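Observations on the three-dimensional arrangement
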Amino acid sequence: MARVRREARIVTRDAAPTPHIAHSAAVGAVSPRDASPAPVPKLELRGIAKTFRTDHGDVEALAPCDLAVREGELVMVVGPSGCGKSTLMSIAAGLEAPTSGEVRVDGRPAGPAGPQRTVVFQRFALFPSETVEGNIAFGLTVAGVARAEREARVAEQLELMGLARFRRAWPHELSGGMQQRVAIARALAVRPEILLMDEPFGALDAQTRTVLQGEISRLRRVMNYTVLFITHSVEEAVYLGDRVVVMSSRPGRIRRDIAIPHDEPWRGLEIEDASMREEFIRYKREIWELIRTEIVRE
Amino acid sequence: MSASPPLAPPSARPRAAVPAALIVGAASIATLVVAWQVVAMAGIVPARVLPTPLDVALRFATLAVETFSGSTLEGHALASLTRWVIGAACAIALGIPLGVALAWLPPLRPVIAPAFELLRFIPPFAWVPIAVLWFGASTTTQALIVFIAAFPACVINAHLGVSLVDPILPRAAAMLGAGGVATLRRVVLPVAAPSIFTGVRIAFSNGWMALVGAELVVGKQGLGFLISQGQINDSVTTIMVGMIAIGALGALIDFGFQRVERAWLPWLAFGAKRAS
C-alpha cells in the first residue's frame, strides 16, 4: 500500500524538446509549494548549447538545454561523466559563452559573470596569496564595501562555516575540506542571489564529504538560497535536491527532471541514515537506471 | 602554543635551520682561505703570481683609504653600483610590465615577440662599441649594458609566471566581481610573483656580470676598471681585491633581494616547503 503511494509521488517528466512555455508550465505543475501559475524563474537556461571547435572538427558538448530554477530551490544536476555538466555550470555562471541560447536571471538576460551568481569549484580555486579572511573578503573588497561592513560579513561567514580559528591561515595550510569551506564562505559573503556549485565535494575524501553534505543541508534550512548544484553522486543528488535533473551522455541534454518533495520521511536525517531508507533507495535506483542506460547507450 | 592542530606555528621550522647553515657556510669559506694561505706559503708559486690572503687583506685596507686609478676602493664600488642600479631598475621597470603584458594580452605576442627574440640573442658586449659611439665612456653607456643584460630575464620570467597562473583563479575572481585590473593586481601578479622575482634575481646577476665585463673594456672608474688597472700595474693583489669585492657585492645583492622576496611573499612558506 505504502509502496503504491510512494511510486505515485515520484513525479517525473521527459524534458527533451519541450517549448519554453510548456516547460515552465510543467515546472509549475511539479512544484509542491505553489499551485499558482508559474512565476518567473530565478535562474533560467534557455536553449543553452555549446559546441567546441577542435583540430579534429567540432565537438558538440551540450545539446540545447532548458532548465529553470525557482527562487529558493536547490536543483541537482547529475549525469555520466563527460556529459557537459561543468560546461552547463560555466555557462550558467557567465564564465563561458554558450554557442546558442541565453541565461536569464529574474527574467532578464544575466550578463557577464559577477557576484550575483557565485561559484564553488571542485578544485576550490582559493587565492593562494590571500589568507582565509582575505579570500572570504575578496568579493567585498573588489566591490568597494566599507571596511566595517566587510569585517562584519567576513566574521559572519567565519562563524557560519566554523573557520574562526583559521582566519589568518594561508590556503595551503588547510585540509581540502577546510579549503572548500573557505570557498563556500567566499561565495556566500557577497550575498549572491544564486549559488552555483560545480561538483564541490568531488575532490574530498568520503568522510569530509559526508560532513559537508550535512552542512549544506543545514545551511539550506537557515538560508533560502537558490542553488544549482552539479554532482556525479546520485546519493548526494537525492539527499540535497529539491529536484534532480538527469543529463544524457554527450552531447548533454536534459533527460529527466525529478522532483523530490520536502516531506520525504528521511529529510532532516544525516546522509548515512537517510540513504538506508526505502524511499531514498527508490529515488536513487530510478536515477541510477537512467544514468546506466546513458552510459550503455554511449 | 594554543594554535589549532593542523597549523604548525608559522616560524618554528625555518628559524632552527639558519645557524647550522651559517656555520657550514663560514667553515667552507675559511677552508678555502686556509688552503690558499698554505699553497701560497709553500713557496711553489712566486708571491708576485699568487700572493697570500694576508697580502690581499693588507692591499684591501690600503685601497680602502688610498686613491688608486682615480678613486678609492669604495669610490670604484660606488661607481659600479650606481650604473648597476640605474640599468637594473630600468630593466625591471620595463621588462616586468612587458612580460606580464605579453602573457595577459595574447594579441600583443605576435607583434612584440619576434623583435624581442631577435634582439635578446645579441650579447650585451656586442652593444659596447655602439653604446660608446652613442654615449661615450659614460655612466649611460655602462647602465645601458646592464640594462641589455638584465632585461630579457625580467621579460621571460614575468611572461612565464603569468602564463602559468591556473586559469581557474581569474575565473574565480571574475565570478566574485573583479574586473581585469583587480584580477591582475590582486590574483595574477601575486601568484606569478615567485617567477617574476626569480627573473629579477637572474637579471641582477646578469647585469652585474655584464657591467664588470664592460668596465674592463671602457670607463675610468668602477671595479672592472680597477681590475684592469691592477693588470696594467702588474699588481695581482689589486686584481684579487677587485675580484673579491665584485663577488662579495654580487652575493650581498642577491642575499638582500632574497630577504625582500620572503618579506613580500609571506604565503610561500619558504622554510616549511623545504622541510616537508
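Heads up: the structure comes first, above all this text.
The present account deals with the structure reproduced in this document. Worth saying up front: this structure is predicted, and the values here are computed from it rather than measured.

1. Re the interface of chain B and chain A
Of the residues lining the interface, 23 residues belong to chain B; the matching set on chain A comes to 29 residues. Here chain B packs against chain A, burying approximately 2400 Å² in sum over the two surfaces, 69% of which is carbon and sulfur. When residues of chain B are sorted by the area they lose upon contact with chain A, B:M175, B:L176 and B:R186 head the list and together hold 32% of the total. For the pair chain B and chain A, the number of links is 2 salt bridges. Ionic pairing is found between A:E130 and B:R186, a salt bridge with its closest N-O pair at 3.3 Å. For the interface between chain B and chain A, the tally reads 4 residue pairs in polar contact (both at pLDDT 80 or more). Counting only elements with at least two residues in the side of chain B that touches chain A, the list comes to helix 7 (168-175) and helix 8 (180-217) of chain B. Considering each element in turn, the side of chain B that touches chain A owes the most residues, 7 residues, to helix 7 of chain B. Residues of the side of chain B that touches chain A, tallied by class, amount to 18 nonpolar, 2 polar and 3 charged.

2. Comments concerning helix 5 (residues 147-160) of chain A
Residues and elements named next belong to chain A. A rise of 1.5 Å per residue sets the reference length of helix 5, with its 14 residues, at 20 Å; its end C-alpha atoms lie 20 Å apart and thus fit the reference within 8%. Residues of helix 5 that are buried include every one of R153, V154, Q157 and L158, and no others. Angular distribution of buried residues about the axis of helix 5 spans 140°; they occupy a single face of the element. Turned more than 90 degrees off the buried face of helix 5, the exposed positions are A148 and E159.

3. As for unusual backbone geometry
Residue and element names in this part refer to chain A. Despite not being glycine, D106 has its phi angle at roughly 55°, a positive value. Relative to the elements of secondary structure, D106 occurs in the loop between strand 5 (100-105) and strand 6 (108-109). Backbone geometry at R191 places phi at a positive 50°, although glycine is not the residue there.

4. Let's talk about the pattern of salt bridges
Residue and element names in this part refer to chain A. Counted by the stated rule, this structure contains 26 salt bridges over all chains. Where E235 meets K284, a salt bridge forms, and the shortest distance between an N and an O atom there is 2.7 Å. Here K284 lies in helix 10 (residues 278-297) and E235 lies in helix 8 (residues 234-240), a separation of 49 residues in the sequence. A relative accessible area of 26% means that E235 is categorised as partly exposed.

5. Let's talk about the environment of B:I44
Turning to its location among the elements, B:I44 is positioned in the loop between helix 1 (12-41) and helix 2 (53-65). Spatially, the C-alpha atoms of B:I44 and B:I86 are 45 Å apart, while their sequence positions differ by 42 residues.

6. Points about the side chain of B:T237
Looking at the secondary structure, you find B:T237 in helix 10 (residues 236-264). Not counting chain neighbours up to four residues away, the residues in contact with B:T237 comprise B:P51, B:D55, B:V56 and B:R59.

Scoring rules and cut-offs
- Residues numbered from 1 in each chain as written.
- Chains lettered and ligands numbered in written order.
- Predicted model: local features only at pLDDT ≥ 70, side-chain atom pairs only at ≥ 80, totals over all residues.
- Heavy atoms only, no water.
- Contact = heavy atoms within 4.5 Å.
- Buried area = accessible area lost by both parts, 1.4 Å probe.
- Salt bridge = Lys/Arg side-chain N within 4 Å of Asp/Glu carboxyl O.
- Polar contact = N/O pair within 3.5 Å; in protein donor to acceptor, adjacent residues only side chain to side chain.
- Helix = DSSP H or I, 4+ residues; strand = E, 2+ residues; numbered from the N terminus.
- Nonpolar A, V, L, I, M, F, W, Y, C, P; charged D, E, K, R; others polar.
- Expected span 1.5 Å × (residues − 1).
- Buried < 20%, exposed > 50% of the residue type's maximum accessible area, 1.4 Å probe, protein only.
- Arc of directions from axis to C-beta.

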